[in-house]
Amino acid sequence: MFYFLINRNALITSILQGELCHKGKVWQDGLQVSIKRGRPYPPFVFLDNQGIIHSYDTMKDAANEHFKVSAKTLQRSLKKKIGNAFIINGEDYTLLA
């Protein structure tokens, strides 16, 4: 006897599609897309000193795109925060989420 494990959504979409999808994939709109694994990270949302709200998908994206520093540097400044306020590159920011 042989058996294999399959994700519930992959099984349901394969039945509806009429074809078994590849390992780690699920059918979506006639195409096979990868199954996302693990917990999703919450968005990284903060307020700058001018009152503008910035939102990024991950903390790493915010570090690279907005602050122009490494993710490790941003992590260090967040460890030193007081309440929700943190300082990086000499600017004050407030963490919202």
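Residues numbered from 1 in each chain as written. Predicted model: local features only at pLDDT ≥ 70, side-chain atom pairs only at ≥ 80, totals over all residues. Heavy atoms only, no water.

Considerations on the overall build of the chain
Step number 1: A count of helical and extended segments in the chain gives three helices and six strands.
Step number 2: Traced from its N-terminal end to its C-terminal end, the chain shows the element sequence α-β-β-β-β-α-α-β-β.
Step number 3: In terms of C-alpha radius of gyration, the chain reaches 21 Å, well past the compact-globule figure of 13 Å for 97 residues.
Step number 4: Here the C-alpha coordinates of the chain stretch approximately 65 × 30 × 20 Å along the principal axes.
Step number 5: Considering the chain as a whole, with its 97 residues, one finds that 24% of them fall into the buried category.
Step number 6: Residue pairs in contact within the chain that sit at least 24 positions apart in sequence constitute 20% of those at least 6 positions apart.
Step number 7: Summed over its atoms, the accessible surface of the chain is roughly 7900 Å², and 55% of this surface lies on carbon and sulfur atoms.
Step number 8: Averaged over its 13 positive side-chain charges, the chain has a centre that lies 13 Å from the centre of its 8 negative ones. (Helix = DSSP H or I, 4+ residues; strand = E, 2+ residues; numbered from the N terminus. Rg over C-alpha atoms; globule rule 2.2 N^0.38 Å. Buried < 20%, exposed > 50% of the residue type's maximum accessible area, 1.4 Å probe, protein only. Contact = heavy atoms within 4.5 Å. Areas by Shrake-Rupley, 256 points an atom, 1.4 Å probe, with all protein chains shown as cover. Lys, Arg positive; Asp, Glu negative; His and termini not counted. Charge placed at Lys NZ, Arg CZ, Asp CG, Glu CD.)

Brief notes about the pairing of strand β1 (residues 25-28)
Step number 1: In terms of strand pairing, β1 meets strand β2 (residues 31-34) through four bridges, oriented antiparallel. Residue pairing in the sheet places K25 in a bridge with S34 of β2.
Step number 2: A loop of two residues connects β1 with β2, the two strands running antiparallel in sequence, and D29 in this loop sits at a positive phi of about 55°. (Pairing = 2+ DSSP bridges.)

Observations concerning the nonpolar core
Step number 1: Grouped together as the largest cluster of nonpolar side chains are 13 residues, with contacts concentrated most on F44, F46, F67, L74, F86 and I88.
Step number 2: Within the residue set of this core, elements represented by two or more residues are β3 (44-48), α2 (59-67), α3 (71-79), β5 (85-88) and β6 (91-95).
Step number 3: With three residues, the top contributor of residues to this core is α2. (Core = buried A, V, L, I, M, F, W, Y, C linked by side-chain atoms within 4.5 Å.)

A look at the packing of α2 against α3
Step number 1: Relative orientation of the contacting elements α2 and α3 amounts to 105°, with a least axis distance of 8 Å. With respect to α3, the axis of α2 lies roughly perpendicular. Between α2 and α3, the residues in contact are M59, K60, A63 and F67 and A71, L74, Q75 and L78, respectively.
Step number 2: Classifying every residue of the contact of α2 with α3 gives six nonpolar, one polar and one charged. (Axes fitted to C-alpha atoms, helices over the stretch in contact; angles between N-to-C directions. Parallel < 35°, antiparallel > 145°, perpendicular 65-115°, else oblique. Nonpolar A, V, L, I, M, F, W, Y, C, P; charged D, E, K, R; others polar.)

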